[in-house]
Amino acid sequence: MEETKLQHVNTFKVVGRLVKADVKLGTSTKNGQPYVSATATVQSVINGETKEFEIDFYSSQMTGAGKVSALYTSYSKMAELEGKKVEITGSIRENRYFSSNLNQIVSAQELAGRFIKGVAESAVDDAKWEMSGFIVKTLQEKVNKKEEVYRYDLTIAQANYNGSAISMFVLHVDPSRRDIITGVEGYEVGQTVRLNGSLNFKVETVTSETKNEGGFGQGVVRTYTNRTKNFFIEGGSAPIKDETKYDGATISDLISAYKARDVELADKGRSSNSTPVESTPTITKKQTSLI
(Lines give C-alpha, C1' and ligand atoms only; values in the text may rest on other atoms or scores of the structure.)
Protein backbone atom coordinates (compact mmCIF):
# COMPACT_ATOMS: atom_id res chain seq x y z
CA MET A 1 0.00 0.00 0.00
CA GLU A 2 1.51 3.29 -1.12
CA GLU A 3 1.46 6.28 1.22
CA THR A 4 -0.37 9.35 -0.03
CA LYS A 5 1.68 12.47 -0.75
CA LEU A 6 -1.10 14.63 0.72
CA GLN A 7 -0.52 16.31 4.07
CA HIS A 8 -1.62 13.93 6.86
CA VAL A 9 0.67 14.52 9.84
CA ASN A 10 -1.05 13.30 13.02
CA THR A 11 1.00 12.80 16.19
CA PHE A 12 0.84 13.41 19.93
CA LYS A 13 3.20 12.97 22.86
CA VAL A 14 2.29 12.73 26.52
CA VAL A 15 4.81 12.57 29.37
CA GLY A 16 3.49 11.95 32.86
CA ARG A 17 2.81 9.35 35.54
CA LEU A 18 1.00 6.15 34.61
CA VAL A 19 -1.61 5.91 37.38
CA LYS A 20 -3.54 3.00 35.87
CA ALA A 21 -3.04 0.40 33.13
CA ASP A 22 -6.18 -1.55 32.22
CA VAL A 23 -4.88 -4.46 30.13
CA LYS A 24 -7.14 -7.08 28.56
CA LEU A 25 -6.19 -10.16 26.55
CA GLY A 26 -8.66 -11.74 24.18
CA THR A 27 -9.22 -13.66 20.98
CA SER A 28 -10.68 -12.11 17.84
CA THR A 29 -14.01 -13.55 16.75
CA LYS A 30 -13.13 -12.70 13.13
CA ASN A 31 -9.85 -14.53 12.68
CA GLY A 32 -9.31 -16.35 15.96
CA GLN A 33 -6.04 -14.50 16.61
CA PRO A 34 -5.10 -13.45 20.16
CA TYR A 35 -4.97 -9.71 20.83
CA VAL A 36 -4.30 -7.24 23.61
CA SER A 37 -6.21 -4.03 24.30
CA ALA A 38 -5.21 -1.55 26.97
CA THR A 39 -6.17 1.83 28.34
CA ALA A 40 -3.45 3.87 30.03
CA THR A 41 -4.47 6.64 32.44
CA VAL A 42 -1.68 9.21 32.68
CA GLN A 43 -1.52 12.26 34.90
CA SER A 44 0.70 15.18 33.90
CA VAL A 45 1.33 18.31 35.92
CA ILE A 46 1.78 21.17 33.46
CA ASN A 47 2.05 24.81 34.54
CA GLY A 48 0.91 23.80 38.00
CA GLU A 49 -2.29 22.12 36.76
CA THR A 50 -2.99 18.38 36.75
CA LYS A 51 -4.11 16.96 33.39
CA GLU A 52 -5.44 13.43 33.01
CA PHE A 53 -5.28 11.49 29.75
CA GLU A 54 -6.89 8.20 28.79
CA ILE A 55 -4.94 6.61 25.95
CA ASP A 56 -6.05 3.45 24.13
CA PHE A 57 -3.80 0.71 22.73
CA TYR A 58 -4.51 -2.37 20.61
CA SER A 59 -2.38 -5.01 18.92
CA SER A 60 -2.82 -8.49 17.48
CA GLN A 61 -0.37 -11.07 18.77
CA MET A 62 1.12 -11.95 15.38
CA THR A 63 2.39 -9.69 12.61
CA GLY A 64 1.66 -10.24 8.93
CA ALA A 65 5.08 -11.90 8.69
CA GLY A 66 4.05 -14.52 11.25
CA LYS A 67 6.17 -13.17 14.13
CA VAL A 68 5.06 -12.11 17.60
CA SER A 69 4.36 -8.37 17.52
CA ALA A 70 6.69 -6.21 19.61
CA LEU A 71 3.69 -3.95 20.32
CA TYR A 72 1.70 -6.92 21.65
CA THR A 73 4.53 -7.77 24.01
CA SER A 74 4.90 -4.15 25.13
CA TYR A 75 1.18 -3.62 25.80
CA SER A 76 0.85 -6.95 27.63
CA LYS A 77 3.48 -5.78 30.16
CA MET A 78 2.12 -2.24 30.55
CA ALA A 79 0.97 -2.82 34.15
CA GLU A 80 4.63 -3.12 35.15
CA LEU A 81 4.95 0.63 34.51
CA GLU A 82 2.13 1.65 36.87
CA GLY A 83 3.21 4.39 39.26
CA LYS A 84 6.19 5.33 37.07
CA LYS A 85 6.90 8.19 34.69
CA VAL A 86 6.20 7.25 31.06
CA GLU A 87 6.32 8.75 27.58
CA ILE A 88 3.53 7.81 25.18
CA THR A 89 3.37 8.70 21.49
CA GLY A 90 0.61 7.99 19.01
CA SER A 91 -2.08 9.68 16.95
CA ILE A 92 -5.43 11.37 17.42
CA ARG A 93 -8.27 9.17 16.19
CA GLU A 94 -11.79 10.08 15.13
CA ASN A 95 -14.36 7.67 16.56
CA ARG A 96 -17.44 8.26 14.42
CA TYR A 97 -20.63 6.26 15.00
CA PHE A 98 -24.43 6.41 14.92
CA SER A 99 -26.09 7.06 18.29
CA SER A 100 -29.52 5.43 18.52
CA ASN A 101 -30.31 7.54 21.60
CA LEU A 102 -29.63 10.81 19.79
CA ASN A 103 -30.68 9.46 16.39
CA GLN A 104 -27.67 11.07 14.74
CA ILE A 105 -24.02 10.59 13.85
CA VAL A 106 -21.69 11.33 16.77
CA SER A 107 -17.96 12.05 16.50
CA ALA A 108 -15.44 11.82 19.33
CA GLN A 109 -11.69 12.45 19.34
CA GLU A 110 -9.56 9.89 21.13
CA LEU A 111 -5.87 9.36 21.79
CA ALA A 112 -4.63 6.17 20.14
CA GLY A 113 -1.32 5.11 21.64
CA ARG A 114 1.43 3.51 19.60
CA PHE A 115 4.56 3.41 21.76
CA ILE A 116 4.97 3.56 25.53
CA LYS A 117 8.21 3.58 27.47
CA GLY A 118 9.44 4.37 30.97
CA VAL A 119 11.38 7.61 31.44
CA ALA A 120 13.41 9.17 34.26
CA GLU A 121 11.58 10.75 37.19
CA SER A 122 13.23 14.02 36.21
CA ALA A 123 11.50 14.02 32.80
CA VAL A 124 9.35 17.13 32.36
CA ASP A 125 5.63 16.45 32.01
CA ASP A 126 4.31 17.37 28.58
CA ALA A 127 1.27 16.99 26.32
CA LYS A 128 1.63 18.14 22.71
CA TRP A 129 0.11 17.37 19.31
CA GLU A 130 0.79 18.14 15.64
CA MET A 131 -1.59 17.78 12.69
CA SER A 132 -1.91 18.74 9.04
CA GLY A 133 -4.82 18.67 6.60
CA PHE A 134 -7.31 21.00 4.94
CA ILE A 135 -9.72 23.48 6.51
CA VAL A 136 -13.31 22.22 6.61
CA LYS A 137 -14.82 24.91 8.83
CA THR A 138 -13.30 28.28 9.67
CA LEU A 139 -13.18 29.54 13.25
CA GLN A 140 -16.50 29.16 15.09
CA GLU A 141 -17.43 30.84 18.40
CA LYS A 142 -18.62 28.64 21.26
CA VAL A 143 -20.65 30.43 23.93
CA ASN A 144 -22.07 29.37 27.30
CA LYS A 145 -25.53 30.08 28.77
CA LYS A 146 -24.37 33.56 29.73
CA GLU A 147 -23.46 34.25 26.08
CA GLU A 148 -19.77 34.34 27.01
CA VAL A 149 -17.23 32.98 24.53
CA TYR A 150 -15.43 30.11 26.22
CA ARG A 151 -13.69 28.63 23.15
CA TYR A 152 -13.21 28.87 19.39
CA ASP A 153 -13.37 25.76 17.17
CA LEU A 154 -11.58 25.07 13.89
CA THR A 155 -12.42 21.92 11.90
CA ILE A 156 -9.83 20.28 9.67
CA ALA A 157 -9.76 17.00 7.77
CA GLN A 158 -6.91 14.77 6.69
CA ALA A 159 -6.57 11.73 4.46
CA ASN A 160 -5.68 8.29 5.74
CA TYR A 161 -2.41 6.55 4.89
CA ASN A 162 -3.27 5.79 1.27
CA GLY A 163 -5.48 8.83 0.66
CA SER A 164 -8.72 6.86 0.16
CA ALA A 165 -10.72 8.36 3.05
CA ILE A 166 -10.63 11.20 5.57
CA SER A 167 -11.12 11.83 9.26
CA MET A 168 -12.27 15.17 10.65
CA PHE A 169 -11.00 16.84 13.80
CA VAL A 170 -12.12 19.85 15.81
CA LEU A 171 -9.19 21.85 17.16
CA HIS A 172 -9.58 24.61 19.71
CA VAL A 173 -8.41 28.14 20.43
CA ASP A 174 -8.32 29.66 23.92
CA PRO A 175 -10.32 32.94 23.74
CA SER A 176 -7.56 34.69 25.71
CA ARG A 177 -5.05 33.99 22.92
CA ARG A 178 -5.74 36.91 20.60
CA ASP A 179 -2.53 36.18 18.67
CA ILE A 180 -3.73 32.65 17.81
CA ILE A 181 -7.25 33.84 16.99
CA THR A 182 -5.86 36.42 14.56
CA GLY A 183 -3.67 33.85 12.84
CA VAL A 184 -6.39 31.22 12.49
CA GLU A 185 -8.92 33.78 11.25
CA GLY A 186 -6.68 34.22 8.21
CA TYR A 187 -7.42 30.67 7.01
CA GLU A 188 -10.02 29.90 4.33
CA VAL A 189 -11.94 26.69 3.73
CA GLY A 190 -10.09 24.26 1.50
CA GLN A 191 -6.62 25.57 2.38
CA THR A 192 -3.99 23.02 3.43
CA VAL A 193 -2.29 23.84 6.73
CA ARG A 194 -0.10 22.35 9.44
CA LEU A 195 -0.90 23.07 13.09
CA ASN A 196 0.61 22.27 16.47
CA GLY A 197 -0.64 22.68 20.00
CA SER A 198 -1.23 21.36 23.50
CA LEU A 199 -3.55 18.76 24.99
CA ASN A 200 -5.55 20.14 27.91
CA PHE A 201 -7.60 17.32 29.44
CA LYS A 202 -9.13 17.90 32.87
CA VAL A 203 -11.19 15.75 35.23
CA GLU A 204 -13.29 17.52 37.85
CA THR A 205 -15.55 16.02 40.52
CA VAL A 206 -18.68 18.12 41.04
CA THR A 207 -21.10 17.73 43.97
CA SER A 208 -24.60 19.22 43.98
CA GLU A 209 -27.50 19.06 46.42
CA THR A 210 -31.16 19.39 45.53
CA LYS A 211 -33.27 21.69 47.68
CA ASN A 212 -36.46 20.38 49.24
CA GLU A 213 -38.55 23.44 48.43
CA GLY A 214 -41.51 23.51 50.79
CA GLY A 215 -40.34 20.26 52.35
CA PHE A 216 -37.91 19.42 55.10
CA GLY A 217 -34.56 17.88 55.87
CA GLN A 218 -31.54 17.36 53.68
CA GLY A 219 -31.83 17.27 49.91
CA VAL A 220 -30.36 14.58 47.67
CA VAL A 221 -26.61 14.94 47.17
CA ARG A 222 -25.26 13.88 43.78
CA THR A 223 -21.64 13.62 42.72
CA TYR A 224 -20.57 13.36 39.09
CA THR A 225 -17.37 13.54 37.09
CA ASN A 226 -16.91 16.26 34.49
CA ARG A 227 -14.30 15.57 31.80
CA THR A 228 -13.15 18.27 29.38
CA LYS A 229 -10.89 17.66 26.40
CA ASN A 230 -9.29 20.61 24.64
CA PHE A 231 -6.90 20.39 21.70
CA PHE A 232 -5.58 23.94 21.91
CA ILE A 233 -3.80 25.41 18.89
CA GLU A 234 -0.46 27.04 19.75
CA GLY A 235 0.88 27.68 16.24
CA GLY A 236 0.24 27.15 12.56
CA SER A 237 1.81 27.34 9.13
CA ALA A 238 0.97 29.60 6.24
CA PRO A 239 -1.29 27.85 3.70
CA ILE A 240 0.69 25.05 2.05
CA LYS A 241 0.83 25.33 -1.74
CA ASP A 242 3.29 22.62 -2.82
CA GLU A 243 2.50 19.15 -4.20
CA THR A 244 1.30 17.96 -0.76
CA LYS A 245 -1.72 20.29 -0.70
CA TYR A 246 -5.32 19.12 -1.23
CA ASP A 247 -6.79 20.51 -4.44
CA GLY A 248 -10.47 21.32 -4.91
CA ALA A 249 -11.37 18.18 -6.85
CA THR A 250 -9.67 15.90 -4.33
CA ILE A 251 -11.43 17.64 -1.42
CA SER A 252 -14.83 17.31 -3.10
CA ASP A 253 -14.31 13.59 -3.72
CA LEU A 254 -13.12 12.95 -0.16
CA ILE A 255 -15.99 14.92 1.43
CA SER A 256 -18.54 13.10 -0.76
CA ALA A 257 -17.09 9.74 0.35
CA TYR A 258 -17.19 10.92 3.98
CA LYS A 259 -20.88 11.82 3.67
CA ALA A 260 -21.62 8.49 2.00
CA ARG A 261 -19.98 6.69 4.91
CA ASP A 262 -22.22 8.63 7.31
CA VAL A 263 -25.27 7.44 5.37
CA GLU A 264 -24.06 3.85 5.72
CA LEU A 265 -23.49 4.29 9.46
CA ALA A 266 -26.96 5.79 9.91
CA ASP A 267 -28.58 3.06 7.79
CA LYS A 268 -26.99 0.34 9.89
CA GLY A 269 -28.02 2.15 13.06
CA ARG A 270 -31.61 2.70 12.00
CA SER A 271 -31.92 -0.52 9.93
CA SER A 272 -33.71 1.49 7.26
CA ASN A 273 -33.28 2.49 3.64
CA SER A 274 -30.46 4.88 2.77
CA THR A 275 -31.06 8.52 1.96
CA PRO A 276 -29.46 10.32 -0.98
CA VAL A 277 -25.99 11.73 -0.45
CA GLU A 278 -25.69 15.40 -1.28
CA SER A 279 -23.04 16.33 -3.80
CA THR A 280 -20.24 18.52 -2.50
CA PRO A 281 -20.40 22.05 -3.95
CA THR A 282 -17.49 23.80 -5.58
CA ILE A 283 -15.29 25.57 -3.03
CA THR A 284 -15.57 29.36 -2.96
CA LYS A 285 -13.61 31.85 -0.90
CA LYS A 286 -16.79 33.05 0.82
CA GLN A 287 -17.51 29.64 2.30
CA THR A 288 -16.99 29.10 6.02
CA SER A 289 -17.75 25.37 5.94
CA LEU A 290 -17.48 22.41 3.54
CA ILE A 291 -20.10 20.33 5.39
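Criteria and cut-off values
Residues numbered from 1 in each chain as written. Predicted model: local features only at pLDDT ≥ 70, side-chain atom pairs only at ≥ 80, totals over all residues. Heavy atoms only, no water. Salt bridge = Lys/Arg side-chain N within 4 Å of Asp/Glu carboxyl O. Helix = DSSP H or I, 4+ residues; strand = E, 2+ residues; numbered from the N terminus. Buried < 20%, exposed > 50% of the residue type's maximum accessible area, 1.4 Å probe, protein only. Expected span 1.5 Å × (residues − 1). Contact = heavy atoms within 4.5 Å. Polar contact = N/O pair within 3.5 Å; in protein donor to acceptor, adjacent residues only side chain to side chain. Phe/Tyr/Trp six-rings, centres within 6.5 Å; stacked < 30°, edge-to-face > 60°. Arc of directions from axis to C-beta. Pairing = 2+ DSSP bridges. 1 Å grid on protein atoms, 1.4 Å probe; cavity = no way out; pocket = protein on both sides within 12 Å on 5 of 7 lines; lining within 4 Å. Points joined across faces, edges and corners; volume = space filled by probe spheres on them. Nonpolar A, V, L, I, M, F, W, Y, C, P; charged D, E, K, R; others polar.

Student: Which residues make up the pattern of salt bridges, and what values do they have?
Tutor: Think of it this way: side chains of opposite charge can pair up when their charged atoms draw near. Summed over all chains, the structure comprises 15 salt bridges. The closest approach of N and O atoms between Asp 56 and Arg 93, which form a salt bridge, is 3.5 Å. Residue Asp 56 is located in strand β3 (residues 49–60), and its partner Arg 93 is located in strand β4 (residues 85–99); the two are separated by 37 residues in the primary sequence. Note on Arg 93: relative accessible area 33%, which makes it partly exposed. Measuring nitrogen to oxygen at the nearest pair gives 3.0 Å for the salt bridge that ties Arg 177 to Asp 179.

Student: Help me get a handle on helix α3 (residues 248–270), residues and values and all.
Tutor: Because the α-helix completes a turn every 3.6 residues, residues three or four places apart line up on one side. Taking 1.5 Å of rise per residue, the 23 residues of α3 would be expected to cover 33 Å, and the 33 Å separating its terminal C-alpha atoms lies within 8% of that figure. Residues of α3 that are buried include every one of Ile 251, Ser 252, Leu 254, Ile 255, Tyr 258, Lys 259, Asp 262, Val 263, Ala 266 and Asp 267, and no others. Each element contacted by the buried residues of α3 is listed here: β4, β5 (104–118), β6 (126–143) and β8 (166–173). Regarding α3, its N-cap is Asp 247, as a side-chain oxygen of that residue lies 3.3 Å from the backbone nitrogen of Ala 249 further along. Of the residues one or two after α3, Ser 271 is the one with positive phi, at around 55°.

Student: With reference to specific residues and values, describe the packing of aromatic side chains.
Tutor: Aromatic ring pairs are described here by two measures, namely the spacing of the ring centres and the angle between the planes. Inspection of the entire model under this criterion finds five aromatic pairs. What links up through ring pairs into an aromatic cluster is the set Phe 53, Phe 201 and Phe 231.

Student: Give me the lowdown on helix α2 (residues 178–185), citing residues and values where you can.
Tutor: Ile 180, Ile 181 and Val 184 are the residues of α2 that are buried. End-on, the buried residues of α2 take up no more than an arc of 100°, which puts them together on one face.

Student: Provide a residue-level description of the pairing of strand β7 (residues 149–159), including the pertinent values.
Tutor: Where a strand is regular, its side chains alternate between the two sheet faces. By the criterion of burial, β7 is predominantly enclosed, with nine of the eleven residues buried. Here β6 runs beside β7; their pairing, made up of seven bridges, is antiparallel. Note on β7: the bridge partner recorded for Glu 141 is Tyr 152. Two successive antiparallel strands, β7 and β8, enclose a turn made up of six residues, where Gly 163 displays a positive phi of approximately 75°.

Student: Now, about the layout of surface pockets: what can you tell me, with residues and values included?
Tutor: Roughly 450 Å³ of internal volume is contained in the largest pocket. Lining of the largest pocket is provided by 20 residues; of these, Ser 107, Gln 109, Asp 153, Thr 155 and Val 170 occupy positions nearest its centre. Of all the secondary-structure elements, those providing two or more residues to the lining of the largest pocket are β4, β5, β6, β7, β8 and β10 (221–236). Grouping the constituent residues of the lining of the largest pocket by class yields eight nonpolar, five polar and seven charged. For the second largest pocket, the calculated volume is near 330 Å³. What lines the second largest pocket is a set of 13 residues, and nearest its centre among them are Tyr 150, Arg 151, Asn 200, Asn 230 and Phe 232. At the level of secondary structure, the elements contributing two or more residues to the lining of the second largest pocket comprise β7, β9 (192–209) and β10. Broken down by element, the residue count for the lining of the second largest pocket peaks at five residues, all from β10.

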